[in-house]
Amino acid sequence: MASTKSQPIPGEDLTKRTGLPEDLLVLAARYPRETWQGHRNLGEMARFWLERHGMFRELGAAMADGSASFRENEIAAKPFIQWLAPRFNFFLSELHMHHNVEDHHYFPRFRAADARLARGFDILDADHVTIDRFIHELAESGAALEAAIRGGGDLPGAGARLGERLDATLTVLTRHLDDEEDIVVPLIIDRTEAALGLG
Ligand SMILES: [Fe+2]
Ligand SMILES: [Fe+2]
């Protein structure tokens, strides 16, 4: 498998794109999103995988809501960080595990199944690296807010920075989840999980 993990794919940078190029959406056109849940080829693995994506979207939205409440002074800094920290840590470890399984278990099988989609998996691989960078900056802003709480620093500034990094991270993550589903789910429906060696 060619390694493209260090660089965004030119023209397909996760922070800039608004969707996938048309040539990668050939199967998605044949199996539109609204038909997925009712399709008999959407097996247990795909359903579980979509549920994980749903969990990332929901937990991400809950953390963004919490940080908006903090910035609007509806919750004090200390209870906010106590509320946020376990959710953030859970989110990070689940996302790390999820990307690991995709990178090492699922993507190589999908890539081998349909040469037309290989570039799509290059894009998704590169997305994971971009998301790692956003997560790193988000973790730094969380640590800065904790330090401001402990040391009596600039709480509004640190809170605003955390909220801004959280929103930015969720924006790129949501783009990635949507695009990944548009490549992976139609492929699974077209080929079946058994034929792809999943499950
Ligand atoms: Fe992914
Ligand atoms: Fe994923």
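Coordinates for the structure precede this section.
In this report, the structure presented in the accompanying data block is examined. (Residues numbered from 1 in each chain as written. Chains lettered and ligands numbered in written order. Predicted model: local features only at pLDDT ≥ 70, side-chain atom pairs only at ≥ 80, totals over all residues. Heavy atoms only, no water.)

1. Considering empty space enclosed by the protein
Using the criterion set out here, one finds one cavity of 30 Å³ or more in the structure. By volume, the largest cavity is sized at about 40 Å³. Around the largest cavity, the lining residues are D23, L24, V26, L27, R116 and L117. For the lining of the largest cavity, a count of residues per class yields four nonpolar, no polar and two charged. (1 Å grid on protein atoms, 1.4 Å probe; cavity = no way out; pocket = protein on both sides within 12 Å on 5 of 7 lines; lining within 4 Å. Points joined across faces, edges and corners; volume = space filled by probe spheres on them. Nonpolar A, V, L, I, M, F, W, Y, C, P; charged D, E, K, R; others polar.)

2. Examining the coordination of the iron ion (ligand 2)
Each protein donor to the iron ion (ligand 2) is listed here as H53 (NE2), H98 (NE2), E102 (OE) and E180 (OE); together their distances run 1.9 to 2.2 Å. Here the iron ion (ligand 2) is ringed by four donor atoms whose angles at the metal span 80 to 169°, and the overall shape comes out irregular. Sequence spacing of the donor residues for the iron ion (ligand 2), all on one chain, is H-x44-H-x3-E-x77-E. Here the iron ion (ligand 2) and the iron ion (ligand 1) are spaced 3.3 Å apart, linked through E102, which binds each one. Here H98 and its partner E102 are both found in helix 3 (residues 77-113), four residues apart, which amounts to about one turn of the helix. Relative accessible area serves as the criterion here: at 10%, H98 is assigned to the buried category. For E102, a relative accessible area of 1% translates into the label buried. (Donors = N, O, S within 2.8 Å, 3.2 Å for Na, K, Ca; no water. Tetrahedral: all angles 85-135°; square planar, octahedral: opposite > 155°, others 65-115°. Helix = DSSP H or I, 4+ residues; strand = E, 2+ residues; numbered from the N terminus. Buried < 20%, exposed > 50% of the residue type's maximum accessible area, 1.4 Å probe, protein only.)

3. A few points about unusual backbone geometry
Here N73, not a glycine, exhibits a phi torsion of approximately 65°, which is positive. According to the relative accessible area criterion, N73 is exposed, its value standing at 69%.

4. Focus: the coordination of the iron ion (ligand 1)
The protein atoms donating to the iron ion (ligand 1) are E102 (OE), H128 (NE2), H176 (NE2) and E180 (OE), with metal-donor distances spanning 2.1 to 2.2 Å. Coordination at the iron ion (ligand 1) is irregular: its four donor atoms span angles of 85 to 176° at the metal. The sequence pattern describing where the donors of the iron ion (ligand 1) fall on their chain is E-x25-H-x47-H-x3-E.

5. Examining the pattern of salt bridges
As enumerated under the stated definition, the model contains 20 salt bridges in all. Between E94 and R52 there is a salt bridge; the shortest N-O distance is 2.1 Å. In this pair, E94 sits in helix 3 while R52 sits in helix 2 (residues 44-71), placing the two residues 42 residues apart along the sequence. Classification of E94 as buried rests on a relative accessible area of 14%. Each of R30, D114, R116, D190 and R191 takes part in one network of salt bridges that share partners. (Salt bridge = Lys/Arg side-chain N within 4 Å of Asp/Glu carboxyl O.)

By themselves, these figures tell us nothing about what the structure is for.
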